[in-house]
Every structure is written in C-alpha cells, then in structure tokens.
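Each chain, letter by letter, is given below.
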Amino acid sequence: MSVQTRKVAIIGTGHVGSHVAFALATQGEVDELYMSDIDKEKALSQATDVNDAVSYLPHHVEAKACDIEDIGTCDILVISAGPLPDPNKDRLESLGDTVAILKDVLPRVKASGFNGCILSISNPADVVAAYIQRVLNYPKHKIISSGTALDSARLQRLLSETLQVNRRSLTAFAMGEHGGSAMVPWSHVTVGGKPLIDLQTSMPERFPSFDHDAMTEAMKYGGYLVLKGKGSTEFGIASSAVEIIRAIFHNEHKILPVSCLLDGEYGQHNVFASVPAMLGKDGVELIVELNLTADEQERFAASCNRIREYLAKADTF
Ligand SMILES: NC(=O)c1ccc[n+]([C@@H]2O[C@H](COP(=O)([O-])OP(=O)(O)OC[C@H]3O[C@@H](n4cnc5c(N)ncnc54)[C@H](O)[C@@H]3O)[C@@H](O)[C@H]2O)c1
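Given the structure is predicted, the values throughout are model-derived calculations rather than measurements. (Residues numbered from 1 in each chain as written. Predicted model: local features only at pLDDT ≥ 70, side-chain atom pairs only at ≥ 80, totals over all residues. Heavy atoms only, no water.)

With that settled, consider the pattern of salt bridges. All chains considered together, the criterion is met by 17 salt bridges. The residue Glu-29 makes a salt bridge to Arg-246 at a minimum N-O spacing of 3.4 Å. Linking Glu-29 in the loop between helix H1 (15-26) and strand S2 (32-36) with Arg-246 in helix H8 (residues 235-249), this pair joins segments that are 217 residues apart in sequence. Accessibility expressed as a relative area gives 18% for Arg-246, which makes it buried. (Salt bridge = Lys/Arg side-chain N within 4 Å of Asp/Glu carboxyl O. Helix = DSSP H or I, 4+ residues; strand = E, 2+ residues; numbered from the N terminus. Buried < 20%, exposed > 50% of the residue type's maximum accessible area, 1.4 Å probe, protein only.)

Put into structure tokens, the structure is as follows:
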C-alpha cells in the first residue's frame, strides 16, 4: 500500500499565512504543513500553535517551521509574505515592498526544487503572480493567484443580504484585478440558475433592482472595511485559499474565480487577471470564456490594462 500525504508549504506566516494554515488543518485539507518566515521565531510559534490544536481536531496534521530551501517535496506552495496591508493605501502601492521580499524568496524556492502548484496571495495579487511566474519561468497552469476569489465571496455576501437568497443558491463573481478596477459581469449573475436581470423584470417586488455600480464599490471596499477595524484580513482569504487548495488536492474540476495567465482568452495576452477557471490536480485546467456585454468587456479590458501597467513597474524596483 502506498499512502500519499498532502504537503503544503506556506511562505509568510503572518495574519494570512497562519490563518491559511489553521483553516487547512481544521478543514482536514492537509497532512503536513511546512511553515517559513523571515521571522523564524514567528514561524515556529505558528507551527507549534497549529500542533497544539491537533488533539482536538478530527484530523491529524503535522506542522513544522522550516527554511524555504526545505519545501522541495511539497505539493502546493502558498506565498503570503508581504507587508501588512495599509487601509489608507491601494494594494498596488505595496508592489515595491513585495517585490523586495520576492527577490529574497524566489531564488530560494528555485533552489528547493519545488515543482508543485503555487497559490500566490501577496498583494498586489495579479501583478505579484505574474512577477513570480516570470522570474521562476513557471508553467502557466501551475501558478494561480487567489485574485477575486475573495472579492467574489464579498459580492456573494452583499447580494445574499440584498436579495435575501442563500449564497449557495446564487452565482456571482468578480473578474479582473483583485483591487480597485475589479468588475462584475452582472449579465452572468444568476439566482437558482436564472439570470438576476430576468428575475428583476418578471418579479420586481421580490427582486427589486439596485445600483450595480454601488454594489461593486461596496464589494471593493469590503477589504478596507475589515482592515480598518482589525488591522488585517484573514478569515475570508483563508477560506478562499482552502477552497482553491481543496479543488487541486481532490482534482475537483471546480470552476472558481481566480487569477491566471491569460493567453488570448477574452482577447487578453500575457496578463494575470481573474476569470472563471476550472481547477484540478495540475492547477488550471481550462478558462471559461463568457459572452460579456460590450460594457463588461470594456471594463474587463481596462482592468487588465491597469494590471499590465503595474507589472511594467515591477521591473523598476
Ligand atoms: N490576495 C488577497 O486576497 C489578500 C488578502 C489579505 C492579504 N493579502 C496580502 O497578503 C500579504 C500578507 O498579509 P498579512 O496580513 O499576512 O501581513 P503580515 O505582516 O501579518 O504577514 C506577512 C509575513 O511575511 C513575512 N515576511 C516578510 N518578508 C519575508 C521574507 N523575505 N521571507 C519570508 N517571510 C517574509 C513577515 O515576517 C510576516 O510574518 C500582503 O501582501 C497582503 O496584502 C492578500
């Protein structure tokens, strides 16, 4: 009998990394956690804290602090090293600090021999994933940024509250940048499989119309709202990360809104942006190309251009 253990490495064990670790442990989606941070004492504390929880978890997990050079046998690498988000700054403004960290991290990832799937979370998410892919010359299907997975969860929360419909009974997601230029393809929002726009026409009392732009702005503001009160965002991103990791480990062929390298899809080349993508054991299996309205297509293209603009800046740091 051969038993396969699921190994996840996490680089950057701050608020995000530690919550991804704990969520993986509590949801039983990992067997071994390799936790690395420039602050070695912090990585050790986080790993020990996870291990302390194991007695009361329904699954066994082993967490250990390690150097980046030790992650070579892991299946999935989560990159969550970066500056603590500043509620008064756009995510794109953290690019210089994140690139400085990646200049330390990426050569060591390469030296480790790691060749599994990379889930990049550090901000600015799309630009950072593109930078990592380029520096490591990594196979494009094996690197994913959580992208708008989190924005989409925020959108689903807002829609659920407004429409009084359970989140699992509606389909809604954001595309483009994980940030200020994210857009929502409203023509593809469905409730119980029916376009919301049709429901709003046929049942206006049950599904009154609302301002789409205002809800898109509220979705984007969601992260700042959390940051303002607690100084970090961690639960939402941890759940998003586990959902992506689960889809990979269980070869789920699940379609999630994540940022991946576009190669002609939606008329876009050489840019990481969030689109509905099918995830399985080798990462991105296919990208779903929706028929966007002209306005949606324009907004998506504008978002991709903003990501491109910052990727060009990444080389100047
Ligand atoms: N994509 C998303 O949806 C999303 C959501 C929340 C946060 N983030 C991003 O995640 C990143 C981390 O946020 P956080 O709240 O955990 O910050 P944090 O400050 O709590 O944690 C960052 C960790 O990175 C570590 N680190 C710094 N340089 C390192 C290096 N060279 N090698 C290894 N580790 C290093 C720090 O010591 C720290 O423990 C930020 O870029 C943030 O913007 C993304």
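Moving on from the coordinates now.
Right, let's talk about the site of the ligand for a bit. By nearness alone, 25 residues border the ligand, and His-15, Val-16, Asp-37, Lys-42 and Asp-104 come closest of all. Between an oxygen atom of the ligand and a side-chain N or O atom of His-15, the distance comes to 2.7 Å. Ile-38 is positioned such that a nitrogen or oxygen atom in its backbone is 3.2 Å from a nitrogen atom of the ligand. Relative to its unbound accessible surface of 860 Å², the ligand loses 92% to contact with the protein. Elements with a minimum of two residues in the shell around the ligand: H1 and helix H3 (95-112). Per-element tally for the shell around the ligand: the top contributor is H3, with three residues. Its residues placed into classes, the shell around the ligand shows 12 nonpolar, 10 polar and three charged. When residues of the shell around the ligand are assigned to domains, at least three map to each of domain 1 (7-145) and domain 2 (149-314). (Near = heavy atom within 4 Å. Polar contact = N/O pair within 3.5 Å; in protein donor to acceptor, adjacent residues only side chain to side chain. Areas by Shrake-Rupley, 256 points an atom, 1.4 Å probe, with all protein chains shown as cover. Nonpolar A, V, L, I, M, F, W, Y, C, P; charged D, E, K, R; others polar. Domains from an automatic or database assignment.)

Counting all residues, the mean pLDDT for the protein is 96, and 100% of those residues have values of 70 or more. Two numbers describe this predicted complex: its pTM, 0.97, and its ipTM, 0.99. (pLDDT = per-residue confidence, 0-100.)

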